[in-house]
Amino acid sequence: IVAAVYLVYLAWQLLRAGVVAESAARRPFTVWQAVLFQAVNPKAWVMAITTAAVFLPQDTPLSRLILVVGGLFLAVNIPCVSIWALFGSAVRHLLLRPTFRKVFNLTMSILLVLTAIHGLRD
């Protein structure tokens, strides 16, 4: 329920998002900064806990749990994040157009809410 509420909150924030400003490029995260960011990323924790609770036996040792879930997430995450980054680069200039940005934000907000509803149904 907490995860669903968080997704609805993110959808609301996305709907309220203002103008995207072209700013001076900031230095991207280093690999270690990105790893540390995941330690405080609530979506990553919800995914990991849900995956472990649903797909792994309850008597699985913690070390094996971390290896299985971490390895699985790594194998799936790298190609997915790469595709998402390519998509972001492709639509970046379109998001500067107010009409496209509003349609995009509305679409992504609806998808977040549908994800939250689907999660509650399961």
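Conventions and cut-offs
Residues numbered from 1 in each chain as written. Predicted model: local features only at pLDDT ≥ 70, side-chain atom pairs only at ≥ 80, totals over all residues. Heavy atoms only, no water. Patch = residues over 30% accessible without salt bridge, like charges linked within 9 Å, V, L, I, M, F, W, Y side chains within 5 Å. Areas by Shrake-Rupley, 256 points an atom, 1.4 Å probe, with all protein chains shown as cover. Salt bridge = Lys/Arg side-chain N within 4 Å of Asp/Glu carboxyl O. Helix = DSSP H or I, 4+ residues; strand = E, 2+ residues; numbered from the N terminus. Buried < 20%, exposed > 50% of the residue type's maximum accessible area, 1.4 Å probe, protein only. Polar contact = N/O pair within 3.5 Å; in protein donor to acceptor, adjacent residues only side chain to side chain. Phe/Tyr/Trp six-rings, centres within 6.5 Å; stacked < 30°, edge-to-face > 60°. Axes fitted to C-alpha atoms, helices over the stretch in contact; angles between N-to-C directions. Parallel < 35°, antiparallel > 145°, perpendicular 65-115°, else oblique. Left-handed = near helix turned anticlockwise from the far one by under 90°. Contact = heavy atoms within 4.5 Å. Nonpolar A, V, L, I, M, F, W, Y, C, P; charged D, E, K, R; others polar.

Some points on a nonpolar patch on the surface
On the surface, Trp-12, Leu-15, Leu-106, Ile-110, Leu-111, Leu-114 and Ile-117 cluster together to form a nonpolar patch covering roughly 670 Å² of accessible area. Going through the elements one at a time, α1 (2-15) and α5 (98-121) are the ones with two or more residues in the nonpolar patch. When residues in the nonpolar patch are grouped by element, the largest group, five residues, is from α5. Residue position: Leu-15 is located in helix α1.

Thoughts on the side chain of Thr-51
With respect to the helices, strands and loops of the structure, Thr-51 is situated in helix α3 (residues 42-55). Given the relative accessible area of 15%, Thr-51 is considered buried. Polar side-chain contacts of Thr-51 include one of 2.7 Å to the backbone oxygen of Met-47.

What about the packing of aromatic side chains?
Following the criterion strictly, the structure yields five aromatic pairs and no others. A ring pair is formed by Phe-100 and Phe-104, whose centres lie 6.3 Å apart and whose planes are at 20°; its orientation type is stacked. Taken together, the positions of Phe-100 and Phe-104, both in helix α5 and four residues apart, correspond to about one turn of that helix. Residue Phe-100 is classed as partly exposed on the basis of its relative accessible area, which comes to 29%. Residue class for Phe-104 comes out buried when judged on its relative accessible area of 16%. Three or more aromatic residues link up through ring pairs in this structure, and these residues are Trp-84, Phe-87, Phe-100 and Phe-104.

A short note on the packing of α3 against helix α4 (residues 62-91)
Direction vectors running N to C along α3 and α4 enclose 120°, while the axes themselves pass 10 Å from each other. Classified by the interaxial angle, the pair formed by α3 and α4 is oblique. Taken as a pair, α3 and α4 cross one another with a handedness that is right-handed. Along the contact surface, α3 presents Ala-44, Met-47, Ala-48, Thr-51 and Ala-52, while α4 presents Leu-65, Val-69, Leu-72 and Phe-73. Residues belonging to the contact of α3 with α4 are distributed by class as follows: eight nonpolar, one polar and no charged.

Such coordinate-based values are descriptive only and should not be taken to indicate function.
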